[in-house]
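Take a look at the letters that make up each chain.
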Amino acid sequence: MIRFEAIRQRAEERKGGAAALQAMLEKHRPDHDQLRATSDDRILADMTRRIFYSGFVQKVIDAKWPGFEEAFSGFDPAALNIAPDDYWHELTSDERIIRNGAKIMSVRANAAFVRELAREHGSAGAFFADWPREDQIGLLELLTKRGGRLGGMTGQYFLRGIGRDSFVATLDVLACLRSAGVPLSSSGTTKKDQQLIQQAFNEWADETGLSYTHLSRISAYSIDAPH
C-alpha cells in the first residue's frame, strides 16, 4: 500500500493547492467532546434524518423537518418508548412527515436502542464518542444488529453527521483505496473488504496523525469526486 503523502499530494493538485485543501478540511472537524455532550434526543433525531434521507431527496426531508420534530415528540426517547401502538399507527397517515411505515417504525426501534445505550454508558453520545476509532467496522456492525435500518451507508453517514471521527466508504474513497493497492472486491462491501478498509485507515492514521474524517475526505478529493 502506498504512503498517504502521495494521496494528499494528488488531492492538493486537484483542489487548487495545499492551502485550498486545508481550508476545505477545516470545515469538517470531528468533535468528540461535543458529541459526548449531545443529548439523546438529538442522537435519535440524527438517526432518523439519515434513515429518511435514504431513498428520498434530502431537501424534501429538510423542508419537512420541523414537522418531523413535532410528530415524533421532539425525538424524546423516553416518551417514544412508552408511546402506545395507536401513536405509531397514526403517524403512518400524518402529513407532517414522510409516511413510510417501515422508516416510521425504525424510530420506535431506535428510541429503544438509544435508551439502552444511555443506560449502559450514561448517554448515547458518550457511547459513540468513546468507541475506539480504530474499530469503526465493529461499531457499524453493532449499529446494524442493534439499531433499526442503520446498516450500510446510512450508518456511516450517521456517524459522520453526529461529529464522530469516521471514514465513509463512498465509491470515490473505494477507488482511492484500490489505487493505493488495497485488494478490495468489486463491491467493496464484503466483511473482508471492511477489515481491509479499516486496516488501511488505521495505518494511514498512524502514518499521518490525521483524523479518520480528514483521511476519508482527502482520499475522496484525490479522485476528484465530491464527498
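In short, a report on the structure.

Thresholds, definitions, all that
Residues numbered from 1 in each chain as written. Predicted model: local features only at pLDDT ≥ 70, side-chain atom pairs only at ≥ 80, totals over all residues. Heavy atoms only, no water. Buried < 20%, exposed > 50% of the residue type's maximum accessible area, 1.4 Å probe, protein only. Helix = DSSP H or I, 4+ residues; strand = E, 2+ residues; numbered from the N terminus. Salt bridge = Lys/Arg side-chain N within 4 Å of Asp/Glu carboxyl O. Axes fitted to C-alpha atoms, helices over the stretch in contact; angles between N-to-C directions. Left-handed = near helix turned anticlockwise from the far one by under 90°. Contact = heavy atoms within 4.5 Å. Nonpolar A, V, L, I, M, F, W, Y, C, P; charged D, E, K, R; others polar. Core = buried A, V, L, I, M, F, W, Y, C linked by side-chain atoms within 4.5 Å. Expected span 1.5 Å × (residues − 1).

Thoughts on unusual backbone geometry
- Unlike most non-glycine residues, Ser73 shows phi in positive territory, near 55°.
- Among the residues examined, Ser73 registers a relative accessible area of 36% and is labelled partly exposed.
- One non-glycine residue, Arg149, adopts positive backbone phi at about 60°.
- Along the chain, Arg149 falls in the loop between α10 (136-146) and α11 (152-161).
- Given a relative accessible area of 46%, Arg149 falls into the partly exposed group.

Remarks on the pattern of salt bridges
- Per the stated rule, a full pass over the model turns up 16 salt bridges.
- Between Glu12 and Arg8 there is a salt bridge, with its nearest N and O atoms 3.4 Å apart. A residue pair is termed a helical-turn pair when its members lie 3 or 4 positions apart in one helix, as Glu12 and Arg8 do in helix α1 (residues 4-15) at four residues.
- A relative accessible area of 15% means that Arg8 is categorised as buried.
- The salt bridge partner of Arg29 is Glu26, with a shortest N-O separation of 2.7 Å.
- What makes Arg29 exposed here is its relative accessible area of 52%.
- Beyond isolated ion pairs, a larger network of salt bridges with shared partners links Asp33, Arg36 and Asp130.

What to know about the packing of helix α4 (residues 40-53) against helix α5 (residues 58-71)
- Running from amino to carboxyl end, α4 crosses α5 at an angle of 140°, the nearest separation of the two axes being 10 Å. Read as a crossing pair, α4 and α5 show a hand that is right-handed. Of α5, the residues touching α4 (which contributes Arg42, Ala45, Thr48, Arg49, Phe52 and Tyr53) are Gln58, Ile61, Asp62, Trp65, Phe68 and Glu69.
- Per-class residue counts for the contact of α4 with α5 are six nonpolar, two polar and four charged.

A few points about the nonpolar core
- Judged by nonpolar contacts, the single largest core of 40 residues is most densely connected at Ile43, Met47, Phe72, Trp88 and Phe128.
- Of all the secondary-structure elements, those providing two or more residues to this core are α4, α5, α7 (85-91), α8 (101-121), α9 (124-130), α10 and α11.
- In terms of residues, this core owes the most to one element, α4, which gives seven residues.
- If we ignore the near neighbours within four places in the chain, the residues touching Trp88 are Phe72, Leu80, Ala83, Ile104, Met105, Val107 and Arg108.

Remarks on the side chain of Glu12
- Residue classification places Glu12 among the buried residues on the basis of a relative accessible area of 18%.
- Sequence-distant contacts of Glu12, that is, excluding residues within four places in its chain, are made with Gly17, Ala18 and Leu21.

Let's talk about helix α13 (residues 191-208)
- Given a rise of 1.5 Å per residue, 18 residues ought to cover 26 Å, and the 26 Å separating the end C-alpha atoms of α13 matches this to within 8%.
- Taken together, the buried positions of α13 are occupied by Asp193, Gln194, Leu196, Ile197, Gln198, Ala200, Phe201, Asn202, Trp204 and Ala205.
- Looking at the buried residues of α13, the elements they touch are α1, α10, α12 (171-179) and α14 (212-222).
- Within two residues after α13, Gly209 carries a phi angle of roughly 75°, on the positive side.

Here we look at the environment of Gly155
- One can find Gly155 in helix α11.
- The spatial distance from the C-alpha of Gly155 to the C-alpha of Ile51 is 8.6 Å, given a sequence separation of 104 residues.
- In this structure Gly155 touches Leu140, Leu143 and Leu150, once residues within four positions along its chain are discounted.

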